[in-house]
Structures are given as structure tokens and as C-alpha cells.
Amino acid sequence: RWLTRKSLPPGALERIADTIADRLRVPWFSGAVKINVSLVPPLVLLPVFLHVAALHFLLGLIILTSLPVVVLWYYYLTHRRKERTLFFLSLGLFSLGYMYYVFLRDVVPRGHVEYSQVVVLTCGLILMLAALSRAKKDPGYLPIPAGNEKPSHRDLPNKSVRGSSSGLHGISGAASSRAVNGEAKGHCRMLAEQPEGVKKDWCTKCQLVRPARAGHCRLCGRCVRRLDHHCVWINSCVGEQNHQAFILALSFFMLTSVYGITLTLHTICRGRTPFVALFYCPGAYSDYSSALSFTCVWYCAIVTAGMGYILLIQLLNISYNVTEREARMALRDNTGRRLLGGLVIDTGQYNRGLLCNWGHFLSLGSSPPQRSAEDIV
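Residues numbered from 1 in each chain as written. Predicted model: local features only at pLDDT ≥ 70, side-chain atom pairs only at ≥ 80, totals over all residues. Heavy atoms only, no water.

Under an unreviewed UniProt entry, the name given to the chain is Palmitoyltransferase, and the source organism is Origma solitaria. We quote the UniProt Sequence similarities (unreviewed entry) comment for the chain here in full: "Belongs to the DHHC palmitoyltransferase family." (UniProt positions renumbered as here; feature names shortened; annotations may be inferred.)

Here you go:
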């Protein structure tokens, strides 16, 4: 019907896609294992695109220009539908593995890379993966109330009480909230401000009292302490418990990627600085091995530039003690001020100076969060 342009029954394509996804399995000792369809495209398309791009300079220009556009389109598509996907995590991990494979196969045999340099690059890759593994763990999910009886805002005390170190306590009235970067849609019960101006609120989705700076992630369906944002590259939230590991993984990636790009360009374009060789390397397409290595360098450079921008925003936010979620909410409510050309949005609520802000960030997750009287109720 689709080929002959006839009308399809409602939901036919969705049912076909679901059936294919359910039947896509691989044999295993304990039984057939279902494969997530979003894992497959990066494993198949990335090597094909890179090898085609290495055939000619113009092909490389077209493919390397279109790849970021396709990735951004898919990101906005899944983000608008509030869907979780392993596509970006699979793309990132497979890109690392494939770039390392091309480096060992096509760059190292040329004899211009020393054994110690390969060891340094490998150690950087291992440290980055270790930090990424830590960042994939619990970001600081708030415990879901046990039992059938979930707490409600009627059960909360009307007076302020002493509670958790994150602080504030008591109920003030209803406030409406919009979904911004993982914040749930709906109405919340905002709790009264303490002298420091810190608030707690009631999450209607999880049926619990959220401590200050916590937020509800629409993709994970959970509330997270000090929610920063939901990162598609790790397919998890970045919160109080894994924010440090997230920054560490980004930092190790930047250092390892720049080092690998430098070694490859020194090998392919002898006698030229890495920056000049990136834009002018006459012998890059003299043979297919050099062309593939040069194409991989440009692919790494594009990814590194994107990750470098994310790391820069993160470091600036930490310096002003503001989360990405709070920055988006401040922009929505027009309560923050733009600094450094709009790269950072300072809400002013938690900013205590550069050193204190970084000290606060480095102490995140150092002690288990205490439960307040409202949480117990």
C-alpha cells in the first residue's frame, strides 16, 4: 500500500516497526536476547559513511556536514516525543572504538607514533570509560514512596519543621509549572521559603516532597536531587550523585581526543602544525589509508568541538553555582541575567563566589542525603 501510494490503516507503520523490533533477537545460552533497534544504525552506518567520505574530498565534505545535521534532527525528534533512546550512547561508544581501531591499524604502523604515546592514549581512553561508567550510575534518584499509600499534600504539616540539610519546610500555596528540561508538567505545592530563600515542592508525578534544586525528569520518570539535565549521550540524568563523574568523563574525552587528533595529523601531514594540517594537508588523499585517517580526524574534530562546548557551559554553570535546569527556568521566567555573552545564566540564588561554588560542587555526594520530616511523612 505504501509503495502504491494507497492509504494505510491508522497506526499500521507503528505496528510494523514494533513487530520488527520485537523479532530482532540474537541466540544466547539463556534464550534469545532482544536487541534495541536504536543500537543498530551507528554500528552499520558510521563505518559506511566514513569509508565513502574517504573516497573523495567533496564526498567527505558533504557527509561530514550532513552527519551533525542528521544527529541534531534525531535528537530534537526524540526529545519532542519524550523518548529514551540508546542511539546516542551507542554512537558515542562505537565512535570511540572505531576511531581507536583506525588509529592502531592505519596510523601506528607508519612508524611515527611511539609506543609510549599509544600507552598514554589508551590510558586516557580507559579513564574516560571508567568515568563514563560511574556517570551512568544513580544520579541521585529520590526514593519512591513504598506501599500502596502514597503521601499527599494534605498529609504535609502546615508549620515549618527542621529537616534535611538542603532545606526549607512548610507549605505555601499552589503554583503552576511548565515542563522545562526534565521538569514535569502539572501543579506543585510550593513550600514556604526559609531565610536563605530555599524552597521545596511537591511532585505530583512521584507523589513525594522534592528537596531544594531537585527536579522531575520526564524521560526517566523519576525525581533527581540537584537535577542538572537529562544527557542523551549517557542515556541518563545528570544529578547530585554523578555530576562530578560526568564532568570528569567530558574532560578525559577532550584530552584524549585532542591528543589522538594531534598524533594522527603529525603522522599524515609531516612538518605541519596540527591546526594548519587540519585545513591544509596536500598528501591526505594520496592513498586510501591516509584519506580514511584524515576523514576520521575531521569526524573527531567535529565531535570534540560539540563536546567542548558542552563542557564549557558546564564549567561556567558550576562557577556560578547554577544548574542547566535552573538556567532554563530562569530564562523562561525572565528571572536570571545573561553573562559572558549569554553563555551562562546567573540566577543569583545560590551564587556564593567562585571558590565557594566550586567547593560546593566538589563536595556533592560526599555524604548520604538526610531525610526530612516531610519525606518521612
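S.K.: Residues and numbers for the overall build of the chain, please.
M.R.: Within the chain, the secondary structure is distributed over 11 helices and 12 strands. Within the chain, buried positions represent 42% of all 377 residues. Taking all contacts inside the chain whose residues are at least 6 apart in sequence as the whole, residues at least 24 apart take part in 60%. Approximately 20,900 Å² of the chain is accessible, and the part contributed by carbon and sulfur atoms is 62%. (Helix = DSSP H or I, 4+ residues; strand = E, 2+ residues; numbered from the N terminus. Buried < 20%, exposed > 50% of the residue type's maximum accessible area, 1.4 Å probe, protein only. Contact = heavy atoms within 4.5 Å. Areas by Shrake-Rupley, 256 points an atom, 1.4 Å probe, with all protein chains shown as cover.)

S.K.: Can you tell me about the side chain of H229, naming the residues and giving the values?
M.R.: Along the chain, the position of H229 falls in strand β9 (residues 229-231). Taking relative accessible area as the criterion, H229 reaches 12% and is therefore assigned buried. A distance of 2.6 Å separates the side chain of H229 from the side chain of D228, its partner in a polar contact. (Polar contact = N/O pair within 3.5 Å; in protein donor to acceptor, adjacent residues only side chain to side chain.)

S.K.: Could you give an account of a nonpolar patch on the surface, with specific residues and numbers?
M.R.: On the surface, a cluster of nonpolar side chains totalling about 590 Å² of accessible area is made up of L24, V37, V40, L43, V44, L45, V48 and F49. Counting through the fold element by element, V48 comes out in helix α2 (residues 40-53). The exposure class assigned to V48 is partly exposed, which follows from its relative accessible area of 43%. (Patch = residues over 30% accessible without salt bridge, like charges linked within 9 Å, V, L, I, M, F, W, Y side chains within 5 Å. Salt bridge = Lys/Arg side-chain N within 4 Å of Asp/Glu carboxyl O.)

S.K.: Describe in detail the nonpolar core, supporting the description with residues and values.
M.R.: Membership of the largest hydrophobic core comes to 31 residues, with the highest contact counts inside it found for L50, M99, L265 and Y299. Here this core takes eight residues from helix α8 (residues 288-319), the largest share from any one element. Contacts of Y299, omitting those with residues within four sequence positions, involve L46, L50, L64, L67, L91, S95 and M99. Within the second largest apolar cluster, 21 residues are counted, among which are L125, A135, F246 and F253. (Core = buried A, V, L, I, M, F, W, Y, C linked by side-chain atoms within 4.5 Å.)

S.K.: With reference to specific residues and values, describe the UniProt feature "transmembrane region" (unreviewed entry) in the chain.
M.R.: The UniProt record marks residues 48-74, 86-103, 115-132, 245-268 and 288-312 with the feature "transmembrane region" (unreviewed entry), using the residue numbering of this structure. Along residues 115-132 the backbone is 100% helical and 0% strand, and the end-to-end C-alpha distance reaches 26 Å.

S.K.: Mind laying out the packing of aromatic side chains, listing which residues take part and the relevant values?
M.R.: A full pass over the atoms with the stated rule returns 13 aromatic pairs. Between Y98 and Y101, the aromatic rings sit 6.1 Å apart at their centres with planes inclined by 40°, giving tilted as the arrangement. A residue pair is termed a helical-turn pair when its members lie 3 or 4 positions apart in one helix, as Y98 and Y101 do in helix α4 (residues 87-107) at three residues. Under the relative-accessibility criterion, Y98 is labelled buried at 9%. With a relative accessible area of 43%, Y101 lands in the partly exposed category. Across from the ring centre of Y350, 3.9 Å away, lies the NZ or CZ of R213, which sits over that ring. (Phe/Tyr/Trp six-rings, centres within 6.5 Å; stacked < 30°, edge-to-face > 60°. Lys NZ or Arg CZ within 6 Å of the ring centre and 35° of its normal.)

S.K.: Tell me about the environment of S257, residues and numbers included.
M.R.: Mapping S257 onto the fold places it in helix α6 (residues 243-268). For the pair S257 and L96, spaced 161 residues apart in the sequence, the C-alpha separation amounts to 9.1 Å. Leaving out residues up to four positions away in the same chain, S257 has contacts with C300 and T304.

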